[in-house]
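Take a look at the letters that make up each chain.
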Amino acid sequence: MDWDTDTDDSDVSLGSMEESDYAHMDRIEMPVDFRVDAGPSHKRFDMDEKHLEVLLHSSPCGLIVTDALEPDQPIIYVNTVFEFITGYKAEEILGRNCRFLQFRGPYAQRRHPMVDSATVVEIKRCLTQGVEFRGELLNFRKDGTPLTNKLCMTPIQSEDGTITHVIGIQSFTEAKLDLGPLPFPPWKESSEWRKHHLSEDSCSYKQSPGGPGQSSRDCSGLLQISDEVLMHNILAIVTPRDVAALGLVCKRLHEMTKNEGLWRLVCQNAWGLDATAALEASSGSGPACRLSWGRLARELTTLEAAAWTKLTVGGAVEPSRCNFSACAMGNKLVLFGGEGINMQPMNDTFVLDLSVARPQWKYVEVNSPPPGRWGHTLSCLNGSWLVVFGGCGSSGLLNDVYVLDLNSKQPTWREVGAGAGAPLPRSWHSSCTLDGSKLVVSGGCADSGALLSDTFLLDLSVEEPEWREIVVAWSPPARLGHTMCVYQKCKILMFGGLAKSGPLRVRSSDVFTIDLSEEHPTWSYITGSSLPGGATPAGTSPPPRLDHVSISLPSGRILIFGGSIAGQHSPSQLYVLDPKEEQPNWRVMNLPGQQPNFAWGHSTCVVGGTRAIVVGGHTGEEWILNELHELSLAHSLT
Ligand SMILES: Cc1cc2nc3c(=O)[nH]c(=O)nc-3n(C[C@H](O)[C@H](O)[C@H](O)COP(=O)(O)O)c2cc1C
């Protein structure tokens, strides 16, 4: 899809959509006084922020746009939520009238008798009279299962008052109806979505007191707000990709989707408040530094601006070492510990401030440092807290946790979570942080040399943190040297490592995910060297590896790079995966610029939300810490 949010001409690109389907789009001149970022309409938007809050915290909605100038209102745009819930793909829907949802599955010959005909008549009346409709009616998925659809239809007018398009928003919930056996063998269900997102009350607005079929003229609440505010609210709850696509529908929507305030909301909604706040903080302040959210959303979605740059930094990390751990703290890179000459475990802390013109490694004076170690993990919590866990110390493996507030006047390490229930001592495990305050640790190598497959969580927001094991019925095979990335706030993606396979240990390219917001979290196998049934996954799978780096993008996609790979495969190839897709596939990314040319022993972290810094790496002779490589994911500043 082409994005066209930051150009101000009206050359509306149709991207990957079928040009013939949209050829008529450009013929209507839409009014430009539709903007909501200035003048009186801005005030009106502020007044409705409460309503917007309601929408923002609601379940994702289906969204379609129809062409009101063509006979029978053909659908010209459908969003992925609609596809996912109904099971109908865009290619089966575009160009058709939406009444097919009233038929029980694609082979039904007529509207199902339980669909309320009075509501259908009312929809027709609203469409004929050009007024808004909202009400509830029975619909069906492609597999024939019933859905309750709380439908809102909003007509869009051109300057001369002609209705050119109608936008429909569907809030679907399961319909608890016993309709007897399905008319044909069930199709594969979108059960994941259904399980997590559909509930009796997942709808974001209440049915009008007058019952189904009430038009907006009679109803109260959210839908009494003005057209432009409503449209703004609708756009704010869909994905950045949908907003870009809707901007291609007509000139009026194109104008709306150029609004910076709207894009900020869209980014917040799609990536979360924390991620957007971090992006904002890292971009500095003042108009010269302000982020263009539309452009950032585009660049982080398409990765069109991603590029490698080599950075040479000053200062020194001395004595020299390997097997250290590094993490990002705002725009700073922090390094702790590592393995010095003669396997000496180190316990010193260094900081590299990447926001200054000439970054330099600086040793940081801290009190009460933890025992020296290597093969440990270092994580950043709450913006300035560093957390060290495990690793190999002078007298064996460790399972201690130390916390340090680097921003405090006299930074002092403090041991926490030492009670019963702590994970076994380990090294080469993987860790990540959830909600900015919870440390998650998985796998690694135990004292006995055995590989581990367990997962533990430590909530550091409470006064006396206690470890909790995530009890699961099944875990991915035990492993070390793997990575864990957080996406969509509470979901963790595990990739690669050296994994147990029967009596052997093999490099893995398997991807597993777990959702820790669930009451009983379960690991799922997403993709890897083979799919269930022995099928080979589509796309280009990364060769199996350990000791690689992985990066989680605000859009929820995961990048992996480097590591120890058997044979002659290029370790510096970058791969991207979107775990949110129904069938996630890896893609290779060939990026311009100077990428790291050494293979393994890297550490990485994302600085300022859009810059992944790759530090370290082994050339065969020495470990390099003054040559860093930056993978910039977007031009983050305008
Ligand atoms: C923008 C838009 C969205 C619509 N969404 C739905 C929908 O989600 N489910 C549905 O059953 N009907 C939907 N309809 C209504 C049908 O397309 C159709 O207009 C309705 O069934 C009345 O027409 P008919 O009596 O010719 O079928 C939508 C219509 C429009 C214009």
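Coordinates for the structure precede this section.
The structure presented is a predicted model; accordingly, all values stated were derived computationally and were not measured. (Residues numbered from 1 in each chain as written. Predicted model: local features only at pLDDT ≥ 70, side-chain atom pairs only at ≥ 80, totals over all residues. Heavy atoms only, no water.)

## Re the overall build of the protein
Test applied: Strands here are runs of E lasting at least two residues and helices are runs of H or I lasting at least four, both read from the DSSP assignment and numbered beginning at the N terminus. Exposed residues in this analysis have more than 50% of their type's maximum accessible area, buried residues have under 20%, and partly exposed residues fall in between, with area computed by a 1.4 Å probe over protein chains only.
Of regular secondary structure, the protein possesses 13 helices and 33 strands. Split into buried and exposed, the 638 residues of the protein put 56% on the buried side.

## Topic: unusual backbone geometry
A cis amide bond, omega 0°, links Glu318 with the succeeding residue Pro319. Here Pro319 lies in the loop between strand S7 (314-315) and strand S8 (325-329). We note that Asn342 has phi near 55°; this positive angle belongs to a residue other than glycine. Of note, Asn342 is situated in the loop between strand S9 (332-339) and strand S10 (345-353). You can call Asn342 exposed: its relative accessible area is 76%. Positive phi, normally seen in glycine, also occurs at Asp547, with a value near 60°. Relative to the helices and strands, Asp547 is located in the loop between strand S26 (524-527) and strand S27 (549-552). Residue Asp547 is classed as partly exposed on the basis of its relative accessible area of 22%.

## Here we look at the nonpolar core
Heads up, the condition is: To form a nonpolar core, buried Ala, Val, Leu, Ile, Met, Phe, Trp, Tyr and Cys residues must be joined to one another through side-chain atoms within 4.5 Å. Here a residue-residue contact requires only that any non-hydrogen atoms of the pair lie within 4.5 Å.
Formed by 50 residues in total, the largest nonpolar core has its most connected members in Leu559 and Leu631. With six residues, helix H11 (residues 260-271) is the single largest residue contributor to this core. Excluding residues within four positions of it along the chain, Leu559 makes contact with Leu303, Val549, Ser550, Ile551, Leu553, Tyr575, Val576, Met589, Leu631 and Leu633.

## Digging into the packing of H11 against helix H13 (residues 293-302)
Put simply, the rule is: Axis geometry follows a simple rule: fit a line to the C-alpha atoms, using only the stretch in contact for helices, then measure angles between N-to-C directions, giving values from 0 to 180 degrees. Oblique is the label for any angle not under 35 degrees, not over 145, and not in the 65 to 115 range, which are roughly parallel, roughly antiparallel and roughly perpendicular in turn. For this classification, Asp, Glu, Lys and Arg are treated as charged, while Ala, Val, Leu, Ile, Met, Phe, Trp, Tyr, Cys and Pro are nonpolar and the rest, including Gly, are polar.
At their nearest, the axes of H11 and H13 sit 8 Å apart, and the two run at 40° to each other. Taken as axis vectors, H11 and H13 run oblique relative to one another. In contact with Glu260, Trp263, Arg264, Cys267 and Trp271 of H11, H13 contributes Trp293, Gly294, Leu296, Ala297 and Leu300. Of the residues assigned to the contact of H11 with H13, the class counts are seven nonpolar, one polar and two charged.

## Looking at the sheet that holds strand S1 (residues 62-67)
Worth spelling out the cut-off: At least two DSSP bridges between two strands are required for those strands to pair.
Pairing in this open sheet of five strands is antiparallel, and the strands run S2-S1-S5-S4-S3 from one edge to the other. Unpaired on one side and paired on the other, strand S2 (75-78) and strand S3 (133-140) mark the two borders of the sheet. In this sheet, adjacent strand axes meet at a mean angle of 25° when their direction is disregarded. The pairing of strand S4 (residues 146-157) with strand S5 (residues 163-174) spans eleven bridges and is antiparallel. By the bridge assignment, Cys152 is partnered in S5 with Ile169. In this fold helix H6 (residues 117-129) packs onto S3, S4 and S5, with an angle of close to 135° to the strand it touches most, S3.

## Focus on the packing of aromatic side chains
Selection rule: Between rings of Phe, Tyr and Trp, where Trp is taken as its six-membered ring, a pair exists when centres lie within 6.5 Å; planes separated by under 30 degrees are stacked, by over 60 edge-to-face, and by other angles tilted. Working rule: Lys NZ or Arg CZ, within 6 Å of ring centre, within 35 degrees of ring normal, means a charge sits over the ring.
Under the defined criterion, the tally for this structure stands at eleven aromatic pairs. Measuring from centroid to centroid gives 5.2 Å for Trp308 and Phe561, while their planes differ by 50°, and the two rings are tilted. Here Trp308 is found in strand S6 (residues 307-312), whereas its partner Phe561 is found in strand S28 (residues 558-561), with 253 residues between them in sequence. Of the two residues, Trp308 and Phe561, both sit in the buried class. Taken together, the ring pairs in this structure connect Phe389, Phe456 and Trp467 into an aromatic cluster. Residue placement shows Arg96 over the ring face of Phe100; its charged tip is 4.6 Å from the ring centre.

## Things to note about H11
Heads up, the condition is: The length a helix should cover is 1.5 Å for every residue beyond the first. Two N or O atoms form a polar contact when they lie within 3.5 Å of each other; inside protein one atom must be a possible hydrogen donor and the other a possible acceptor, and for residues adjacent in sequence the pair counts only when both atoms belong to side chains.
When the terminal C-alpha atoms of H11 are compared, their 16 Å separation across twelve residues agrees well with the 16 Å that a helix rising 1.5 Å per residue should span. Buried residues of H11: Leu262, Trp263, Leu265, Val266, Cys267, Gln268 and Trp271, and no others. Where H11 begins, the capping side chain belongs to Asn259, and its oxygen is found 2.7 Å from the backbone nitrogen of Leu262. Following H11 by one or two positions, Gly272 adopts a phi angle in the positive range, close to 95°.

## Details of the pairing of strand S12 (residues 377-381)
Burial runs high along S12: five of the five residues are buried. Across the two faces of S12 the burial is the same, with Thr377, Ser379 and Leu381 and Leu378 and Cys380 all buried. Across five bridges, S12 lies against strand S13 (residues 385-393) in antiparallel orientation. Along S13, the bridge assignment pairs Leu381 with Trp385. Taking the residues between adjacent antiparallel strands as the criterion, S12 and S13 are bridged by three residues, where Asn382 takes a positive phi near 50°.

## Here's the deal with the sheet that holds S13
One open sheet holds the four strands; their spatial order is S12-S13-S14-S15, and the pairing between them is antiparallel. The open sheet terminates on both sides in strands that have one partner only, identified here as S12 and strand S15 (414-416). With strand direction ignored, the average angle separating the axes of adjacent strands in the sheet is 30°.

## Topic: the side chain of Asp510
Stated formally: In this count, Lys and Arg are taken as positive residues and Asp and Glu as negative ones, while His and the chain termini are left out. Definition used for salt bridges: Asp or Glu carboxyl oxygen within 4 Å of a side-chain nitrogen of Lys or Arg.
Within the secondary structure layout, Asp510 lies in the loop between strand S24 (504-507) and strand S25 (511-515). Among buried Asp, Glu, Lys and Arg side chains, Asp510 stands out as unpaired, with Arg479 the closest opposite charge at 5.1 Å. One polar contact links Asp510 to Tyr525, side chain to side chain, over a distance of 3.3 Å. The residues touching Asp510, leaving out its near neighbours within four places in the chain, are Met494, Phe495, Gly496, Tyr525, Thr527, Gly528 and Ser529.

## A short note on the pairing of strand S21 (residues 483-487)
Counting buried residues in S21 gives five out of five residues, a clear majority hidden from the surface. Burial along S21 is two-sided: the face carrying Thr483, Cys485 and Tyr487 and the face carrying Met484 and Val486 are both buried. Summarising the sheet, S21 and strand S22 (residues 491-495) pair through five bridges and their orientation is antiparallel. Along S22, the bridge assignment pairs Thr483 with Phe495. Counted between consecutive antiparallel strands, the loop separating S21 from S22 contains three residues, among which Gln488 sits at a positive phi close to 45°.

## Some words on the pattern of salt bridges
Side chains that carry opposite charge are capable of pairing whenever their charged atoms lie near each other. Per the stated rule, a full pass over the model turns up 15 salt bridges. Between Arg99 and Asp72 there is a salt bridge, with its nearest N and O atoms 2.8 Å apart. Here the residue Arg99 occupies a position in the loop between helix H5 (90-93) and H6, and Asp72 occupies one in the loop between S1 and S2, the gap between them amounting to 27 residues. With a relative accessible area of 44%, Asp72 lands in the partly exposed category. Taking the shortest distance from any N to any O, the salt bridge between Asp454 and Arg426 comes out at 2.8 Å. Note that Asp454 is positioned in strand S18 (residues 451-459) and Arg426 in the loop between S15 and strand S16 (430-434), a separation of 28 residues in sequence. Across the pair, Arg426 and Asp454 agree in class, each one buried.

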